[in-house]
Protein chains: 2
Amino acid sequence: MSANEEPNGECYCPEFHRAIEVIGKRWSGPILQSMLGGLTRFSDIRDNVPGLSDRLLSERLKSFEELGVVERCTATRDIHYHLTDLGKQVEPVFDAVEVWAIQLSKVAPLPD
Amino acid sequence: MSANEEPNGECYCPEFHRAIEVIGKRWSGPILQSMLGGLTRFSDIRDNVPGLSDRLLSERLKSFEELGVVERCTATRDIHYHLTDLGKQVEPVFDAVEVWAIQLSKVAPLPD
DNA sequence: TCACATTGCTTACCTTACGTAAGCTGCTTA
DNA sequence: TAAGCAGCTTACGTAAGGTAAGCAATGTGA
């Protein structure tokens, strides 16, 4: 969809669909945001995201690794998880989400 | 996190978390993208998104309406769903996702 | 006008994903 | 050497999603 907007269909893109399912899957956002914020250790990420369990963090990190978004690093004795270049490239997405999150909270404020 | 990066915690934000769960919930992305592409009718959106069922589309549209992202319009006999201003403001997010989707597909291509 | 199709839903049922809790191995510190 | 933490895995119940059918209201065609 560019200049000559027609309200037709065919605005579906499987690559987009997959990407937003990866980013938007439950807990994926806060996990990746924690890692963009500099956290690399399992327990640091878990402790930074309220409600996130070991099980889900483990599951997400594994699938991120399989996708090439995160790299599991066992060079030192401590295990570290690092964002790959691909992983770091989600930052603009999250910046845009932050902007929208503020708008959303104006219209539909969070409880508390 | 800005210039003076410290790999500390406290990069968790509940507004961000909520926003990315709304956008990233299953099917939400493709539904909103279809609507940004100009589709307003239930069956047009459903037919544009492969795999999306009536049940889920109905459920998502209802929750979008409750959040103020979508407006249900019954002025004419045909029912139309329109993005509100808030809804239209997700566009920058989706633009950023599209860019990342291309990067992701280079590293982890989709099957077929 | 009477059968048939379409739109925008809802309901019922089963499967997959997630929440919760416990446990377990390897290493460290007291 | 007992206790503790980090990074997992396993087991089990609940919630979300997939699949399919149905259904009232309107349109359409013969």
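Quantities reported herein were computed from a predicted structural model and do not represent experimental measurements. (Residues numbered from 1 in each chain as written. Chains lettered and ligands numbered in written order. Predicted model: local features only at pLDDT ≥ 70, side-chain atom pairs only at ≥ 80, totals over all residues. Heavy atoms only, no water.)

A. Up close: the interface of chain A and chain B. On the side of chain B, 53 residues touch chain A, which itself brings 53 residues to the contact. Across the chain A/chain B interface, buried area totals approximately 4600 Å², and carbon plus sulfur atoms make up 72% of it. At the boundary of chain A with chain B, the tally comes to 8 residue pairs in polar contact (both at pLDDT 80 or more). At 12 residues, the largest contribution of residues to the side of chain A that touches chain B is made by helix H6 (residues 91-107) of chain A. (Contact = heavy atoms within 4.5 Å. Buried area = accessible area lost by both parts, 1.4 Å probe. Polar contact = N/O pair within 3.5 Å; in protein donor to acceptor, adjacent residues only side chain to side chain. Helix = DSSP H or I, 4+ residues; strand = E, 2+ residues; numbered from the N terminus.)

B. Highlighting the pattern of salt bridges. Residues and elements named next belong to chain A. In total, this model carries 8 salt bridges over all chains according to the counting rule given. Arg-46 is the partner of Asp-47 in a salt bridge, and the nearest nitrogen-oxygen pair spans 3.3 Å. Since its relative accessible area comes to 57%, Asp-47 is described here as exposed. For Arg-46, a relative accessible area of 25% corresponds to the partly exposed category. The residue Arg-60 makes a salt bridge to Glu-59 at a minimum N-O spacing of 3.8 Å. Overall, the relative accessible area of 38% leaves Glu-59 in the partly exposed class. One continuous salt-bridge network, built from bridges that share partners, spans Arg-46, Asp-47 and Asp-54. (Salt bridge = Lys/Arg side-chain N within 4 Å of Asp/Glu carboxyl O. Buried < 20%, exposed > 50% of the residue type's maximum accessible area, 1.4 Å probe, protein only.)

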